[in-house]
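# Structure at a glance
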Amino acid sequence: MRTKIILLLAIVSAALLAWNLQTIFLRLPDELNQGAIYRIIYFHVPANILGMTGFGLGMLFSLVYLVTKNLRYDALAESLTEVALVFASIGLVTGSIWARIIWGVWWAWDVRLTSWLVCWLIFAGYLMLRHAIEEPIQRAKFAAVVSVFGTVDAYISYKSIEWYRNQHPAPVLSIRNGGGMAPGMEAPIWWNLLALTCLAAILVIVRMRQQGIAREIDTLRRTAHSY
Amino acid sequence: MLYGLTAAWLIVVVYVVLLSLRDRKLRKELDRVRRMVETAEKPK
């Protein structure tokens, strides 16, 4: 069943990405001021949305673990956070490439960029912390606390382009009352978000399966030691 | 633009490779521990 879901998600993701790539490269015109480089937004924005959402969901499932004490929720929180970190990395790298061409520098220490980098570092630390603690219950508790801090920072990063005057562009998406994109240019962002969400779901399912194997190994080890 | 697209997919590919390496390692470990338990279960 799980393999069928992965296959279905992979087909949907590949079809959407193929359609979007031809729309982005062949059908959409260059932007008036930025030229061709503006197209990076079609990967930069969905990747960052997935990063922030993944961190938020990871925190939510960590809190569910704290209430229920069911380690499966902790495993789901870790899987979501790890995959979110991959997409946050894509957001940081693509943003940096865009900045180099438009601003002339790879990086600017404004609130948005700095808070997002700090968030990335917090969640990288979260994964390292998990590797460092052997005992599963203690690991889940500490990880939940770090996840809360990281998600607060992710929210600050999300709102920073409204709260502060940044070098980073102000919101452009219509749902954030941005209105900075011409009609027809925004839709591929949402289609790409859907395609990348399917890809992220596949990665989370695979990671969850690995967590299941790791739990089985732990149980078998305990059984072996009891003989 | 192509640099950005390449970088984005490179990150995904590297993660998928790491994921599959981890998968292989876990399955090998599972087989090893299963054999260990089976050996321990056999009556002496």
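This text follows the structure it describes.
So, here's what we can say about the structure. (Residues numbered from 1 in each chain as written. Chains lettered and ligands numbered in written order. Predicted model: local features only at pLDDT ≥ 70, side-chain atom pairs only at ≥ 80, totals over all residues.)

## Here we look at the overall build of chain B
Broken down by element type, chain B carries one helix and zero strands. Dimensions of chain B, computed from C-alpha atoms along their principal axes, come out at roughly 65 × 5 × 5 Å. By residue count, 7% of the 44 residues in chain B fall in the buried class. (Helix = DSSP H or I, 4+ residues; strand = E, 2+ residues; numbered from the N terminus. Buried ≥ 20, exposed ≤ 12 C-beta atoms within 10 Å, placed from the backbone.)

## Brief notes about the overall build of chain A
Helix and strand content of chain A: six helices and zero strands. Taken from N to C terminus, the helices and strands of chain A fall in the order α-α-α-α-α-α. Projecting the C-alpha coordinates of chain A onto the three principal axes gives extents of approximately 75 × 40 × 25 Å. In chain A, which comprises 227 residues, the proportion classed as buried is 33%.

## As for the interface of chain A and chain B
With 24 residues of chain A in contact, the opposing surface of chain B contributes 21 residues. Contributions of two or more residues to the side of chain A that touches chain B are made by helix 2 (41–68), helix 3 (71–102) and helix 6 (187–226) of chain A. Element by element, the count of residues in the side of chain A that touches chain B is highest for helix 6 of chain A, at 10 residues. In the side of chain A that touches chain B, the residues fall into 17 nonpolar, four polar and three charged. (Contact = placed C-beta atoms within 7 Å. Nonpolar A, V, L, I, M, F, W, Y, C, P; charged D, E, K, R; others polar.)

## Quick word on the packing of helix 4 (residues 111–132) of chain A against helix 5 (residues 136–163) of chain A
Residue and element names in this part refer to chain A. As a packed pair, helix 4 and helix 5 sit with axes 8 Å apart at the nearest point and diverge in direction by 170°. By the angle class used here, helix 4 and helix 5 are roughly antiparallel. As helix 4 packs across helix 5, the resulting crossing turns out to be left-handed. Broken down by class, the residue content of the contact of helix 4 with helix 5 amounts to 15 nonpolar, six polar and four charged. (Axes fitted to C-alpha atoms, helices over the stretch in contact; angles between N-to-C directions. Parallel < 35°, antiparallel > 145°, perpendicular 65-115°, else oblique. Left-handed = near helix turned anticlockwise from the far one by under 90°.)

## Focus on helix 6 of chain A
Residue and element names in this part refer to chain A. Relative to the 58 Å expected for 40 residues at 1.5 Å per residue, helix 6 spans 59 Å between its end C-alpha atoms, a close match to the ideal helical length. Turning to helix 6, its buried residues number three or more, namely Pro188, Ile189, Asn192, Ala195, Leu196, Thr197, Leu199, Ala200, Leu203 and Arg207. At its buried positions, helix 6 is contacted by helix 1 (2–27), helix 2 and helix 3. (Expected span 1.5 Å × (residues − 1).)

## Focus: the packing of helix 2 of chain A against helix 6 of chain A
Residue and element names in this part refer to chain A. Viewed as axis vectors pointing N to C, helix 2 and helix 6 meet at an angle of 50°, and their least axial separation amounts to 9 Å. One way to sum up the angle between helix 2 and helix 6 is to call them oblique. Judged by the sense of rotation from one axis to the other, the crossing of helix 2 with helix 6 is right-handed. When helix 2 is examined against helix 6, the residues Ile41, Tyr42, Phe43, Val45, Pro46, Ala47, Ile49, Leu50 and Gly54 are found in contact with a partner set consisting of Pro188, Ile189, Asn192, Leu193, Leu196, Thr197 and Ala200. Its residues assigned to classes, the contact of helix 2 with helix 6 shows 13 nonpolar, three polar and no charged.

## Points about the nonpolar core
Looking at soluble globular proteins, one finds that nonpolar side chains tend to be buried together. Residue and element names in this part refer to chain A. Counting 48 residues, the largest nonpolar core has Ala47, Leu50, Val83, Ala84, Phe87, Trp120 and Ala200 as the members making the most contacts within it. Among the elements of the structure, helix 2, helix 3, helix 4, helix 5 and helix 6 are those that each provide at least two residues to this core. Residue contacts for Trp120: discarding those within four places in its chain leaves Leu85, Ala88, Ser89 and Leu92. (Core = buried A, V, L, I, M, F, W, Y, C linked by C-beta atoms within 7 Å.)

## Notes on unusual backbone geometry
The phi angle at A:Lys69 is positive, at roughly 65°, despite the residue not being glycine. Secondary-structure assignment places A:Lys69 in the loop between helix 2 and helix 3.

## Re the environment of A:Glu162
All names here are of chain A. Mapped onto the fold, Glu162 is located in helix 5. Here Glu162 falls in the exposed class, since 12 other C-beta atoms lie within 10 Å of it. Spatially, the C-alpha atom of Glu162 lies 9.9 Å from that of Arg112, the residues being 50 residues apart in sequence.

## Digging into helix 2 of chain A
At 3.6 residues per turn, the α-helix brings residues three or four places apart onto the same side. With 28 residues, helix 2 of chain A ought to run about 40 Å at 1.5 Å a step, and its terminal C-alpha atoms sit 40 Å apart, in line with that. Where helix 2 of chain A terminates, the next one or two residues include A:Lys69, which has phi positive at roughly 65°.

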